[in-house]
Amino acid sequence: MNRYKVTKTLGDGTYGSVLRAQNNATGEWVAIKKMKQKYYSWEECMKLREINSLRKLIHPNIVKLKEVIRENDDLHMVFEHMAHGDLHEFLIFHSPKSDSSQDSEGESGDSRVLSQAEMAYIAIQVAAGMEYLSSHHYVHRDLAARNTLVGENLTVKISDFGLSRDIYSADYYRVQTKSLLPVRWMPPESILYGKFTTESDVWAFGVVLWEIYSFGLQPYYGYSNSEVIEMIRSRQLLPCPEDCPSRMYAFMVECWHEVPARRPAFPEIHQRLRQWEGLGGSLGGLGSGGQPSYSSHQPSVRLHGRVLA
């Protein structure tokens, strides 16, 4: 770890912290996940899905695990750094109801409202990353805006730092097994039977679409986690976000089909979103080298679970 200079704590939870650091030799910025020794031994950490799987995943829309470092029995996982943080806060910052005009460093930020084309471009990238994961038989189990990161030029990459369960505690529900589960992003079969599959990831993707088009609202905001479980079991779906295209909301509802096998697969999801890009023409110019550019920012206030009036 001597070759990295830590400059900021990005998140801190029960099991560890996420740090922003710079490589002393190359100047490259990275994000370092530091695991607390009292919760995980080195042997236990090496069994984690995050380490065993993420280091093998190479895709433009998957955050890259660069290396794993053991130092004095502490575990450090070094990831590429994404300048604009997680998608949840990015959406709130660029919401029409956001009053953010400065980032957390006190610098001026580009807080303009995201366009429909930009939101669709974000969705396409998440779909591309999930198509890649599913093709490698990887079930994410916790796909959400909080576990998706945003870089320069509106680059979006799927992540799973494993600390969101502490930082975003309001998004998780402790069940009888004492596990914390993201019930607002889970289909009935996952809630009732603990079954997680690619089809349950598709359901979660539909919720991510809802997060994108609602500018980062918490799904089922205003309801407790136990109430949400009953709502999902009784087929009370999330309503169409304000100003969301009807075609996109219908797509969300397809992802929330009660029968898992009837939900669209990720290759189809990715293909259909890209087809809409070509047919509508509204995403033209958002391809390689043409993405919108954003100034570095971090919202000054976390708004998890809060209704934006």
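Residues numbered from 1 in each chain as written. Predicted model: local features only at pLDDT ≥ 70, side-chain atom pairs only at ≥ 80, totals over all residues. Heavy atoms only, no water.

*Asks:* For this particular structure, what's the right way to read unusual backbone geometry?
*Replies:* When glycine is set aside, most residues are seen to have a negative phi, and most peptide bonds are trans. Located in the positive-phi region is Tyr 220, a residue other than glycine, with phi close to 60°. Relative to the helices and strands, Tyr 220 resides in the loop between α7 (198-213) and α8 (225-233). (Helix = DSSP H or I, 4+ residues; strand = E, 2+ residues; numbered from the N terminus.)

*Asks:* Sorry, what's going on with the packing of aromatic side chains here?
*Replies:* The description of two aromatic rings rests on the distance between their centres and on the angle between their planes. Under the criterion given, the structure shown has three aromatic pairs. A ring pair is formed by Tyr 249 and Trp 256, whose centres lie 6.4 Å apart and whose planes are at 75°; its orientation type is edge-to-face. Arranged with centres 5.1 Å apart and planes meeting at 70°, the rings of Phe 251 and Trp 276 form a pair that is edge-to-face. In this pair, Phe 251 is assigned in helix α9 (residues 246-255) and Trp 276 in helix α10 (residues 266-280), connecting sequence segments 25 residues apart. This pair shows no difference in class: Phe 251 is buried, exactly as Trp 276 is. Over the aromatic face of Trp 29 sits the side chain of Arg 20, whose NZ or CZ is 5.4 Å from the ring centroid. (Phe/Tyr/Trp six-rings, centres within 6.5 Å; stacked < 30°, edge-to-face > 60°. Buried < 20%, exposed > 50% of the residue type's maximum accessible area, 1.4 Å probe, protein only. Lys NZ or Arg CZ within 6 Å of the ring centre and 35° of its normal.)

*Asks:* I would appreciate a short explanation of the confidence of the model for the chain in the present structure.
*Replies:* Reading predicted coordinates in detail is not appropriate for stretches of low pLDDT. With 72% of its residues at a pLDDT of 70 or more, the chain shows a mean pLDDT of 78. Low pLDDT, under 50, characterises residues 161-169; the predicted model gives this stretch 33 contacts beyond four residues in sequence or across chains. Across residues 279-309, confidence stays below pLDDT 50; counting only partners more than four residues off in sequence or on other chains, it has 73 contacts. (pLDDT = per-residue confidence, 0-100. Contact = heavy atoms within 4.5 Å.)

*Asks:* Help me understand the pattern of salt bridges, please; the structure alone is not making it clear to me.
*Replies:* Oppositely charged side chains are able to pair whenever their charged atoms sit close together. Counted according to the given criterion, the structure contains 10 salt bridges. Taking the shortest distance from any N to any O, the salt bridge between Glu 230 and Arg 233 comes out at 3.4 Å. With Glu 230 and Arg 233 both in helix α8, this residue pair falls three residues apart, about one helical turn. (Salt bridge = Lys/Arg side-chain N within 4 Å of Asp/Glu carboxyl O.)

*Asks:* Would you mind showing me how to read the packing of helix α4 (residues 116-135) against α7 here?
*Replies:* The relative placement of two packed helices is expressed as an angle between their axes plus a distance between the axes. Orientation of α4 relative to α7, taken along the N-to-C sense of each, is 165°, at an axis distance of 10 Å. Put simply, α4 runs roughly antiparallel to α7. Handedness of the α4/α7 crossing: right-handed. Contacts between α4 and α7 involve Gln 116, Met 119, Ala 120, Ile 122, Ala 123, Val 126, Ala 127, Met 130 and Ser 134 from the first element and Thr 198, Asp 201, Phe 205, Leu 209, Ile 212 and Tyr 213 from the second. (Axes fitted to C-alpha atoms, helices over the stretch in contact; angles between N-to-C directions. Parallel < 35°, antiparallel > 145°, perpendicular 65-115°, else oblique. Left-handed = near helix turned anticlockwise from the far one by under 90°.)

*Asks:* Explain the sheet that holds strand β5 (residues 74-80) here, please?
*Replies:* Within a sheet, each strand pairs with its neighbour through backbone hydrogen bonds, oriented either parallel or antiparallel. In spatial order, the strands read β1-β2-β3-β5-β4; together these five strands make up an open sheet with antiparallel pairing. Taken across any chain shown, the strands that pair with only one partner, and hence form the sheet edges, are β1 (4-12) and β4 (65-71). Between one strand axis and the next, the sheet turns through 25° on average, direction left out of account. Pairing geometry for strand β2 (residues 16-23) and strand β3 (residues 29-35), over seven bridges, is antiparallel. (Pairing = 2+ DSSP bridges.)

*Asks:* Where do I start with α8 in this structure?
*Replies:* Given 3.6 residues to a turn, an α-helix orients residues that are three or four positions apart in the same direction. For α8, every residue scored as buried is listed here: Asn 225, Val 228, Ile 229, Met 231 and Ile 232. For α8, the arc enclosing every buried residue in end-on projection is 165°, short of the 170-degree limit, so these residues lie on one face. Positive phi appears at Arg 235, one or two residues downstream of α8, with a value of about 65°. (Arc of directions from axis to C-beta.)

*Asks:* Would you mind showing me how to read the side chain of Glu 80 here?
*Replies:* With respect to the secondary-structure elements, Glu 80 resides in strand β5. In terms of polar contacts, Glu 80 uses its side chain to reach the backbone amide nitrogen of Lys 64, at 2.7 Å. Polar side-chain contacts of Glu 80 include one of 2.9 Å to the side chain of Lys 157. Residue contacts for Glu 80: discarding those within four places in its chain leaves Val 30, Ala 31, Ile 62, Val 63, Lys 64, Lys 66 and Lys 157. (Polar contact = N/O pair within 3.5 Å; in protein donor to acceptor, adjacent residues only side chain to side chain.)

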